[in-house]
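Architecture and fold: a report
Here is how the chains run, residue by residue.
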Amino acid sequence: MAPAAPPAGAPELILGELRKELTEHQFGCWFGAATLDTPHSGRIRLNVPNNFYREWIQTKYLTLLRSCVARILPGATEIEVAVQPPAAAQGPGTPTNGRSTPTRGPGTIAPASNGFERRLGPSRDLELNERYTFDNFVLGPSNRIPHAAALGVVQHPGKAYNPLFIHGSVGLGKTHLIQAICHALLERRCDTKVLYLNCESFTNDFIHALEHTDLERFRNRYRYLDILVVDDIHFLANKDRTQEEFFHTFNTLYNAGKQIVLSSDSPPGEIPTLESRLVSRFRWGMVAEIEKPVYETRFSIARRKARTMGVDMPEDAARFIAETVDSNIRELEGSVVKVVGSALIMERPVTLALVKDVLRNADNAPPRITMEEIINATTRQYQVKVSELQSKKRTQSITLPRQVCMFLARQLTGLSLEEIGGYLGGRDHTTVMYAVERILELEQRDQRLRTTIASIRDRLGA
Ligand code: ADP
Ligand code: MG
């Protein structure tokens, strides 16, 4: 006589039992991609994506699985864990081949290995930039260490350097390098669950989840990854709730051996108001700084950039650009684009003479002053520390220089209110607006303040 058919819905019920016994994370991690068959009521087959899952489940969860099965199908004595890669699995229901679908169903949660967002749509988050690969990254003494660490992460994700924390000023290649890690991991295994996003997206997503009481979706999104890459993590400054949530995200991923990569404009200990437990975690792995590129690196980058635009830049021209533009790589690239673009418009070859013409014209424009310079000049004038300006301190001796800094930034740079706030401890745009108005008003009636601001301007040559 044929064995009795199992009751309908048994697989879902068994998975439901398992889910009750495990944490969300454990269940998602080990059983999220699993499906259950009940070929007949005496036999249970758990299908998992690969051998790794099978061994893990057999050693750690078999007893639990048995007891869950016993509750739903007391007659089932045979329990098998079988490898069934998700791609080979069949469509909905069990009848055709006795296997249930690996896609979302009442007994499964978002599968860990398929149907998962590999890259995020532009409306929500940043796409990876195709240019930001290791191949396109020019090596030099200023970036050799972070580059080596990034390669280490690709070779041994979750093991070599976890977290990898890369810091440095703007335009020095942080985003490029951390995206290169994502590209390389995806190239190696296209099903690697990579999430790259900037800190602002994480924050906005969290706030959205709070507003819509949808924290579970939020957590599922961040906690079942192989690698989480957060760009510009210094924007966590002054965001207490987000810091707390990030702390839990970090722990969950870290404890599951998943890789975390972060970039920031300053080392962990100098991110204002960053909780000390996060500071210490950010230091657990590898903290590496990208420094300003030396002349030779700038030269190589200039030539390479021209080549990507289809132009072979003569050596003397590239030397001139590398000597003149030494602030950051973004500006260096900008100069090359300007030169090559002008050559195309004027139908002239790229020569040293043309480079001088184009860059000299650019020099005629009022010199651009960076936020860094303003912060340096202001802190020197007032004899305060940069970290104090970025801190939450509200004593007058710190508040005034901070507001002066915001005021000068507004006048001398093209930065938005948000960006200025970002440099000064992640303050929001209304704080910056208020500071600008206050200093404007004070300047009218305070001769000493006027003199001080004038001497900061002198320092800046503005
Ligand atoms: P950051 O994130 O530090 O502000 P980015 O990663 O955005 O800087 O880099 C700015 C620009 O400079 C990008 O176009 C990037 O491709 C380029 N760049 C930075 N470092 C390098 C490098 N070592 N080799 C080639 N291009 C680089
Ligand atoms: Mg960046």
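Here the structure is shown first, and the text comes after it.
Heads up: these notes are all about the structure in this document. Please read these numbers as outputs of a predicted model, since none were measured by experiment.

What counts, and where the lines are drawn
- Residues numbered from 1 in each chain as written.
- Chains lettered and ligands numbered in written order.
- Predicted model: local features only at pLDDT ≥ 70, side-chain atom pairs only at ≥ 80, totals over all residues.
- Heavy atoms only, no water.
- Helix = DSSP H or I, 4+ residues; strand = E, 2+ residues; numbered from the N terminus.
- Contact = heavy atoms within 4.5 Å.
- Areas by Shrake-Rupley, 256 points an atom, 1.4 Å probe, with all protein chains shown as cover.
- Axes fitted to C-alpha atoms, helices over the stretch in contact; angles between N-to-C directions.
- Parallel < 35°, antiparallel > 145°, perpendicular 65-115°, else oblique.
- Nonpolar A, V, L, I, M, F, W, Y, C, P; charged D, E, K, R; others polar.
- Pairing = 2+ DSSP bridges.
- Near = heavy atom within 4 Å.
- Polar contact = N/O pair within 3.5 Å; in protein donor to acceptor, adjacent residues only side chain to side chain.
- Domains from an automatic or database assignment.
- Buried < 20%, exposed > 50% of the residue type's maximum accessible area, 1.4 Å probe, protein only.
- Lys, Arg positive; Asp, Glu negative; His and termini not counted.
- Salt bridge = Lys/Arg side-chain N within 4 Å of Asp/Glu carboxyl O.
- Core = buried A, V, L, I, M, F, W, Y, C linked by side-chain atoms within 4.5 Å.

1. Considerations on the overall build of the protein
Regarding its fold elements, the protein presents 20 helices and eight strands. Considering only residue pairs separated by 6 or more positions, the protein has 72% of its internal contacts joining residues 24 or more positions apart. Total accessible area on the protein stands at roughly 22600 Å², and carbon and sulfur atoms take up 51% of it.

2. Details of the packing of helix H7 (residues 199-211) against helix H9 (residues 240-255)
Running from N to C, H7 and H9 cross one another at 100 degrees; their axes reach a closest spacing of 10 Å. Classified by the angle between their axes, H7 and H9 sit roughly perpendicular to one another. Touching Phe 202, Thr 203, Phe 206 and Leu 210 of H7 are Arg 241, Thr 242, Glu 245, Phe 246 and Thr 249, all from H9. Residues that form the contact of H7 with H9 fall into these classes: four nonpolar, three polar and two charged.

3. Concerning unusual backbone geometry
The step from Asn 162 to Pro 163 runs through a cis peptide bond, and the omega angle for that step is 0 degrees. The topology assignment puts Pro 163 in the loop between helix H5 (144-155) and strand E4 (164-167). The backbone phi angle of Thr 273 is positive, close to 60 degrees, even though this residue is not glycine. You can see Thr 273 is positioned in the loop between strand E7 (259-264) and helix H10 (276-282). The backbone phi angle of Gln 383 is positive, close to 55 degrees, even though this residue is not glycine. Along the chain, Gln 383 turns up in the loop between helix H15 (371-382) and helix H16 (386-390).

4. Describing the sheet that holds strand E3 (residues 78-83)
Spatially, E1-E2-E3 is the arrangement adopted by the three strands of the open sheet, whose pairing is mixed. Each end of this open sheet is capped by a strand with a single partner; those strands are strand E1 (35-40) and E3. Pairwise comparison of adjacent strand axes, ignoring direction, gives a mean angle of 25 degrees for this sheet.

5. Thoughts on the site of ligand 1
Neighbouring ligand 1 are 18 residues; Val 138, Gly 171, Thr 175, His 176 and Glu 333 lie closest to it. In the environment of ligand 1, an oxygen atom lies 2.7 Å from a nitrogen or oxygen atom belonging to the side chain of Thr 175. Glu 333 is positioned such that a nitrogen or oxygen atom in its side chain is 2.6 Å from an oxygen atom of ligand 1. Only helix H6 (174-188) and helix H13 (329-346) provide two or more residues apiece to the shell around ligand 1. Counting residues domain by domain, the shell around ligand 1 receives three or more from each of domain 2 (144-289) and domain 3 (295-364).

6. Some words on the side chain of Glu 443
With respect to the helices, strands and loops of the structure, Glu 443 is situated in helix H19 (residues 429-445). Although Glu 443 is buried, it forms no salt bridge, and the closest oppositely charged side chain is Arg 457 at an N-O distance of 5.9 Å.

7. Topic: the nonpolar core
One broad trend across soluble globular proteins is that nonpolar side chains are buried collectively. Counting residues in each nonpolar core, the largest one holds 28 residues, and the members touching the most others are Ile 374, Val 404, Leu 408, Leu 424 and Ile 439. For this core, the elements supplying multiple residues, two or more each, are H15, helix H17 (396-412), helix H18 (417-423), H19 and helix H20 (447-460). Broken down by element, the residue count for this core peaks at nine residues, all from H17. Counting residues in each nonpolar core, the second largest holds 26 residues, with Phe 165, Phe 218, Ile 233 and Phe 282 among its members.

8. As for the pattern of salt bridges
Following the criterion strictly, the structure yields 23 salt bridges and no others. The shortest N-O distance in the salt bridge between Glu 17 and Arg 71 comes to 2.5 Å. With a gap of 54 residues between them, Glu 17 in helix H1 (residues 10-21) and Arg 71 in helix H4 (residues 62-72) connect regions that are remote in the sequence. Judged by its relative accessible area of 13%, Glu 17 falls in the buried class. Of the charged contacts in the structure, one is a salt bridge between Asp 191 and Arg 189, with a shortest N-O distance of 2.6 Å. Classification of Asp 191 as partly exposed rests on a relative accessible area of 32%. Given the relative accessible area of 46%, Arg 189 is considered partly exposed.

9. Quick look at the sheet that holds strand E5 (residues 194-198)
Here five strands make up an open sheet; going across it, the order is E5-E6-E7-E4-E8 and the pairing parallel. If you trace the sheet from one side to the other, it starts and ends with E5 and strand E8 (286-289), each paired once. Neighbour to neighbour, the strand axes of the sheet diverge by 15 degrees on average, direction disregarded. Judged from the four bridges that link them, E4 and E7 form a sheet pairing that is parallel. Counted as the bridge partner of Ile 166 is Ser 263 from E7. The strands that H7 touches are E5 and strand E6 (227-231); relative to E5, the one it contacts most, it runs at about 95 degrees.

10. Structural notes on the pairing of E7
For E7, the buried fraction is high: six of the six residues fall into the buried class. The alternating pattern of E7 places Gln 259, Val 261 and Ser 263 on one face and Ile 260, Leu 262 and Ser 264 on the opposite face, and all of these are buried. Both E6 and E7 contribute to a ladder of four bridges, which runs parallel. Bridging across to E7, Ile 227 finds its partner in Gln 259.

11. Focus on the environment of Leu 332
By secondary structure assignment, the location of Leu 332 is in helix H13. Overall, the relative accessible area of 1% leaves Leu 332 in the buried class. The contact partners of Leu 332, leaving out residues within four places of it in the chain, are Arg 298, Ile 301, Ala 302, Ile 321, Ala 322 and Val 325.

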